[in-house]
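Residues per chain, in single letters:
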Amino acid sequence: MQDMKAHLEKLRVEAEECELIGKLATNTTKKQLFAKLAEHHRMLAHEVERAINASQPKA
């Protein structure tokens, strides 16, 4: 479970980094690319978070 949580955090950080790079980019194509990458990482993070929540026992 700890490895999944570490991966989740890594995906969130990567999403933030992609968003920042996209905002700093001067080229429109690069802005769009990094915005898509940020969204993709957020989607992956969401899926990992769902998997973590699904694997935890219900109280």
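Because the structure is a prediction, the values reported are computed rather than measured. (Residues numbered from 1 in each chain as written. Predicted model: local features only at pLDDT ≥ 70, side-chain atom pairs only at ≥ 80, totals over all residues. Heavy atoms only, no water.)

A. Here's a closer look at the overall build of the protein chain. When its secondary structure is counted, the protein chain shows two helices and zero strands. Whereas a compact globule of 59 residues would reach a radius of gyration of roughly 10 Å, the protein chain reaches 14 Å, over 25% beyond that. Principal-axis analysis of the C-alpha atoms gives the protein chain an extent of 50 × 15 × 15 Å. Within the protein chain, buried positions represent 19% of all 59 residues. (Helix = DSSP H or I, 4+ residues; strand = E, 2+ residues; numbered from the N terminus. Rg over C-alpha atoms; globule rule 2.2 N^0.38 Å. Buried < 20%, exposed > 50% of the residue type's maximum accessible area, 1.4 Å probe, protein only.)

B. Up close: the nonpolar core. Leu8, Leu11, Ala45, Val48 and Ile52 form the largest nonpolar core, which has five residues in total. Residue assignment for this core shows that the elements contributing at least two residues are α1 (2–24) and α2 (28–55). With three residues, the top contributor of residues to this core is α2. Among residues more than four places away in sequence, those in contact with Val48 are Met4, His7, Leu8 and Leu11. (Core = buried A, V, L, I, M, F, W, Y, C linked by side-chain atoms within 4.5 Å. Contact = heavy atoms within 4.5 Å.)

C. How the structure looks around the environment of Cys18. In this fold, Cys18 is placed in helix α1. Remark: the alpha-carbon pair of Cys18 and Met1, spanning 17 residues in sequence, is separated by 26 Å. When sequence neighbours within four positions are dropped, the list of residues in contact with Cys18 reads Phe34, Leu37, Ala38 and His41.

D. The packing of α1 against α2, seen in detail. Between α1 and α2, whose axes approach to 8 Å, the crossing angle comes to 160°. Between α1 and α2, the angle is such that the two are roughly antiparallel. Every pair of crossing elements has a handedness; the one defined by α1 and α2 is left-handed. Among the residues forming the contact of α1 with α2, the class breakdown is 14 nonpolar, three polar and nine charged. (Axes fitted to C-alpha atoms, helices over the stretch in contact; angles between N-to-C directions. Parallel < 35°, antiparallel > 145°, perpendicular 65-115°, else oblique. Left-handed = near helix turned anticlockwise from the far one by under 90°. Nonpolar A, V, L, I, M, F, W, Y, C, P; charged D, E, K, R; others polar.)

E. How the structure looks around the pattern of salt bridges. Applying the stated criterion across every chain, the model contains six salt bridges. In this structure, Arg12 and Glu49 form a salt bridge, with 3.1 Å as the shortest nitrogen-oxygen distance. Of the two residues, Arg12 sits in helix α1 while Glu49 sits in helix α2, which places them 37 residues apart along the sequence. Given the relative accessible area of 36%, Arg12 is considered partly exposed. Looking at Glu49, the relative accessible area reads 32%, which means it is partly exposed. Connected via shared salt-bridge partners are Glu16, Glu19, Lys23 and Arg42. (Salt bridge = Lys/Arg side-chain N within 4 Å of Asp/Glu carboxyl O.)

Purely geometric stuff here, so don't read any function into it on its own.
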